[in-house]
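Residues per chain are reported as follows:
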Amino acid sequence: SIPEPQREAWKKHQVQGFTDKDGFEKEVVRHVETTLARSLFNCDEGAAYSATSLAFRDRLITEWNRTQQRQTTADTKRVYYLSLEFLMGRALDNAMLNVGLKDVARGGIDELGFRIEDIIEQEHDAALGNGGLGRLAACFLDSLASLNYPAWGYGLRYRYGIFKQEIINGYQVEVPDYWLDFNPWEFPRHDVTVDIQFYGNVRKSQDDNGKTVCHWEGGEIVTAVAYDMPIPGYATPSTNNLRLWSSKASSGEFDFQKFNNGDYESSVADQQRAETISAVLYPNDNLDRGKELRLKQQYFWVAASLYDIVRRFKKSKRAWREFPDQVAIQLNDTHPTLAVVELQRILVDIEGLEWDEAWNIVTSTFGYTNHTVLPEALEKWPVGLMQHLLPRHLQIIYDINLFFLQSVEKKFPNDRDILTSVSIIEESQPKMVRMAYLAIVGSHKVNGVAELHSDLIQTTIFKDFVKIFGADKFTNVTNGITPRRWLHQANPRLSELIASKTGGHEFLKDLTQLNKLELSIDDAAFRKEWAEIKYANKVRLTKYIKKTLDVTVNPASLFDVQVKRIHEYKRQQLNIFGVIHRYLALKAMSPEERKKQLPRVSIFGGKAAPGYWMAKQIIHLINNVGAVVNKDPDIGDLLKVIYLEDYNVSKAEMIVPASDLSEHISTAGTEASGTSNMKFVLNGGLIIGTCDGANIEITREIGQENIFLFGTLSEDVEDLRHAHTYGSHTVDADLNKVFDAIQSGTFGEPNDFGAMVAAVRDHGDYYLVSDDFQSYIDTQKMVDNEYRNQDEWVRKCIRSVARMGFFSSDRCINEYAEGIWNVEPLALK
Ligand code: 73E
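Cut-offs applied
- Chains are numbered independently. Their residues run from 1 in the order of the written sequence.
- Selection of residues for local features in this predicted model requires a pLDDT of at least 70, selection of side-chain atom pairs for listing and counting requires 80 or more, and totals for whole chains, interfaces and linings are taken over all residues.
- Think of the side-chain values as coming from all heavy atoms in the structure, minus any hydrogens and water.
- Put simply, a residue is near a molecule or strand once any heavy atom of it comes within 4 Å of that molecule or strand.
- Throughout this description, a polar contact denotes any pair of N or O atoms lying within 3.5 Å of each other; where both atoms belong to protein, one of them has to be capable of donating a hydrogen while the other can accept it, and for residues adjacent in sequence the pair is counted only when both atoms sit in side chains.
- Using a 1.4 Å probe, the Shrake-Rupley method yields the accessible areas, and only the shown protein chains count as cover for residues.
- In this analysis the probe radius is 1.4 Å and the grid spacing 1 Å, with only protein atoms considered; a cavity is a set of points the probe fits into but cannot get out of, a pocket is an open set with protein on both sides within 12 Å along at least five of seven lines, and lining residues have an atom within 4 Å of a point.
- Whether a molecule lies in a cavity or pocket depends on its atoms, and more than half of them have to be within 2 Å of the grid points.
- Any residue that is not Ala, Val, Leu, Ile, Met, Phe, Trp, Tyr, Cys, Pro, Asp, Glu, Lys or Arg is counted as polar, Gly included; the first ten are nonpolar and the last four charged.
- Grid points are joined across faces, edges and corners, and a volume is the space filled by probe spheres set on the points.
- For helices the rule is a DSSP run of H or I covering at least 4 residues; for strands it is a run of E covering at least 2, with both sets numbered from the N terminus onward.
- For the purposes of this section, nonpolar cores are sets of buried Ala, Val, Leu, Ile, Met, Phe, Trp, Tyr and Cys residues that join through side-chain atoms within 4.5 Å.
- For every residue, the accessible area (1.4 Å probe, protein chains only) is compared with the maximum for its type, and the residue is labelled buried under 20%, exposed over 50%, or partly exposed between those bounds.
- pLDDT measures the predictor's confidence residue by residue and takes values from 0 up to 100.
- DSSP calls a pair of strands paired once it identifies at least 2 bridges connecting them.
- Interaxial angles span 0 to 180 degrees and are taken between N-to-C directions of axes, which are lines fitted to C-alpha atoms, for helices over the stretch in contact.

### Remarks on the site of the ligand
As a matter of local geometry, the ligand sits amid 17 residues, with Asn286, His371, Asn479, Glu671 and Gly674 nearest to it. One nitrogen or oxygen atom from the side chain of Glu671 is found 2.6 Å from an oxygen atom belonging to the ligand. Separating an oxygen atom of the ligand from a backbone N or O atom of Gly674 is a distance of 2.8 Å. When the free accessible area of the ligand is taken as 480 Å², the share hidden by the protein chains comes to 97%. More than half of the atoms belonging to the ligand lie within 2 Å of the grid points that define the largest cavity. A breakdown of the residues in the shell around the ligand according to their chemical character gives five nonpolar, nine polar and three charged.

Right under this line is the structure:
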């Protein structure tokens, strides 16, 4: 580093960052001319976006440096959030708002001849996630920075994020999402690399004291390169880091011999094989497919991150037992569970600690968040694969299991059943490593993501672990969302209106202040403006629908929205069956009767995993229904069915504020939390939903008179399923009419949808569509009736928003910080 006498010169020229329009414009012009190497007036919207982003990035990085330096000197405890997914969306708008310079940028961009909205639209979403789990990680990063917590995110820098969805002839088609062409938001750190080992074997030796030492040798080395993304907090200089690892062949791997011998192709093939590790995000939500490359991704990312964390800790020269005082690591689902094993390996094999001492450190360091109870999503890896890829890790897993089972046996002598049921190794053919069990045993806290879900994991899939470790190890942290992106950024007019009624933008830092809105509820002018904002948001979506699908919808209709990943448990099929029912009912009416009906637009969006056949059938049916209904002259405005292509974060920012009613209708007990339910209510929309996930807590907060709940309760699900299979299963008459319409070819080739109908009618109806259909239809009728009374509807919306304070991810992060991580905020001076 620079010696003292020369530091004056450095200080004098330190980058200050622009604070006004002139300064901003100067930065933009400089970046266009030099960084982008364009001649002065050769600037299109793309270049203007890049230059604007670079101007903001420069600002962020100065704050980032200050934040990191402050944390290092304070030598304080840090949180590391390990997530295989970060669904960040766009960065520019968020950066402008968080540093409080959007108006400055708007003015500057305007003077330079562009519109800020058009510039924002140029940005490609950073879509390194599938759905709720990845978006939650992104909201958490925003809250951690905004609350001044010293925290880093660690993930993978996929070359391809979640695929882009096109709908062609009603079918989903997947197109690769190459997003890295020019990404102004990342900093490659070519000097921060870690060599990661795979395969090979384990050799044992004795050290001088006769202790056995294990050496993991041979195999293959791949290099991890760090790429950093600055994460700005809102209205604070704190800027945290998201470090994403990219894989490349290690310089030792690149076979110069082969290269010199003219075997150029195969030396390049090695290179490509290494790069494959971080090439693509697995596009499965709530589904585990057990592919070897996925396990490689997991170890690659976990090993690089731990190496980085340990390297940072070692600089402090503290004793190992202080590791958990300096480091908290949160496992976002089981995907990073190998970190437990890797840290134990580092401590025992490399640092020479005794097993028990190391294990104490490990378990005090980790916390594990479970996000799902769906059996098909619970990760298991074949022992054979683990042995092949990570031979030393498998030995350690066996040892962890051995010591764990010994402790269980002590507590429950002669109880063979409990040993089999909690063993980390499943004695199946082939044997499997149960990652959730390993995560529980390796952590000091395990949490679910909503109250019902946390209760369910403690009473069903992990009940034996509660017996063993006691109830204190298990806790609930109900999910939340960042109000910065999901209100201030997505719905600026509503944010301003709320600010005008609650005394400024304080609510963006303390969302409970929304409750002040209730004081204005009898103010007619306020309600009118509220309704106008919703209408304007609907008009914007209407224009988008016209432009992209060439369908005209009436913005005065009720906008009924279900946007989320397509999955049978989320029950888009229930929704579309309901739409068909509505269509058939409208068709059966006289023209006079029809005139009395309330116009509705049913809006769907979401991706299906490429290998999930049934989910793709659901998409196909929705599109086919739309094709028939939307051009039926009997129906006109009364019903439109829209499928929005390629649902993602930036589209959500437009869709969510335009909804009157959103659907969160999973089979009770299947949706761990849901987070879009919170976004919709926060933007002044009502919910139709089941008693599942966070819907239950939303109801408790906003009042049951402000939500449309229906359907089976989670405690009755098992009995109903049992009855479907072993008793007689009858499907009600209205639903049968829907099936008849499908099977008579009203919506295209009936065979296409045979399996979907049969799943409900003939194959046990696992998701209870038939049980919930009638109450769903009845509840939708209530919605129609209540929507007719616009004044009362608006009051319900305002009351709901006023009571949503609890669902800020700030509240959620504070709960993790206190109850799990034991970390304190550290503000910049
Ligand atoms: O209910 C959501 C929850 O709101 C849940 O389905 C989702 O996590 C959200 C955030 O807590 C979730 N995703 C996954 N498991 N749960 C998952 C599993 C495997 C691969 C990818 C995602």
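### Things to note about empty space enclosed by the protein
Counted according to the given criterion, the structure contains five cavities of 30 Å³ or more. Lining the largest cavity are 50 residues; nearest its centre among them are Asn130, Gly131, Gly132, Leu133 and Asp285. Among the secondary structure elements, those contributing two or more residues to the lining of the largest cavity are helix H7 (132-146), helix H26 (649-655) and helix H27 (676-682). It is H7 that provides the largest number of residues to the lining of the largest cavity, a total of four residues.

### Some thoughts on the nonpolar core
Nonpolar side chains in soluble globular proteins tend to end up buried together. Core analysis: the largest hydrophobic core is formed by 228 residues, its most contacted members being Phe198, Trp245, Met386, Trp530, Leu541, Phe577 and Trp821. At eleven residues, helix H10 (residues 292-315) tops the list of elements feeding residues into this core. Among the nonpolar cores identified, the runner-up in size contains 22 residues, and Val28, Ala51, Ile116 and Ile120 belong to it.

### A short note on the confidence of the model for the protein chain
Any segment with low pLDDT has predicted coordinates that should not be analysed in fine detail. Counting all residues, the mean pLDDT for the protein chain is 97, and 99% of those residues have values of 70 or more. Among the scores for the predicted complex, ipTM is 0.99 and pTM is 0.98.

### Some thoughts on the sheet that holds strand E21 (residues 639-644)
Strand order in this open sheet of six strands is E21-E20-E19-E22-E23-E24, and the pairing throughout is parallel. Each having just a single partner strand, E21 and strand E24 (708-709) make up the two edges of the open sheet. As paired strands, strand E20 (residues 600-605) and E21 are joined by six bridges and run parallel to one another. Following the sheet pairing, Arg600 is matched in E21 by Leu639.

### Digging into the layout of surface pockets
Within this model, the largest pocket holds a volume of roughly 1600 Å³. As for the largest pocket, its lining consists of 50 residues, and the residues nearest its centre are Arg90, Ile120, Glu121, Arg540 and Ser650. For the lining of the largest pocket, the secondary structure elements donating two or more residues are helix H4 (92-98), helix H5 (102-111), helix H6 (116-121), helix H20 (483-489), helix H21 (492-502), helix H22 (524-549), E21 and H26. No other element matches the eight residues that H22 contributes to the lining of the largest pocket. Among the residues forming the lining of the largest pocket, the class breakdown is 16 nonpolar, eleven polar and 23 charged. Reported here for the second largest pocket is a volume of approximately 720 Å³. Around the second largest pocket, the lining is made up of 30 residues, and of these Val373, Leu374, Pro375, Thr460 and Ile461 lie nearest the centre. Elements with a minimum of two residues in the lining of the second largest pocket: helix H16 (416-422), helix H17 (435-441), helix H19 (463-469) and helix H29 (714-726). Among the residues forming the lining of the second largest pocket, the class breakdown is 15 nonpolar, five polar and ten charged.

### As for the sheet that holds strand E18 (residues 474-476)
Spatially, nine strands are ordered E7-E10-E11-E4-E1-E12-E13-E17-E18 in an open sheet, and the strand pairing comes out mixed. The outermost strands of the open sheet, each flanked by one partner alone, are strand E7 (187-198) and E18. Direction aside, the axes of adjacent strands within the sheet are offset by 25° on average. Note: strand E12 (residues 327-332) against strand E13 (residues 366-369), four bridges, orientation parallel. Bridged to Leu331 within E13 is Tyr368.

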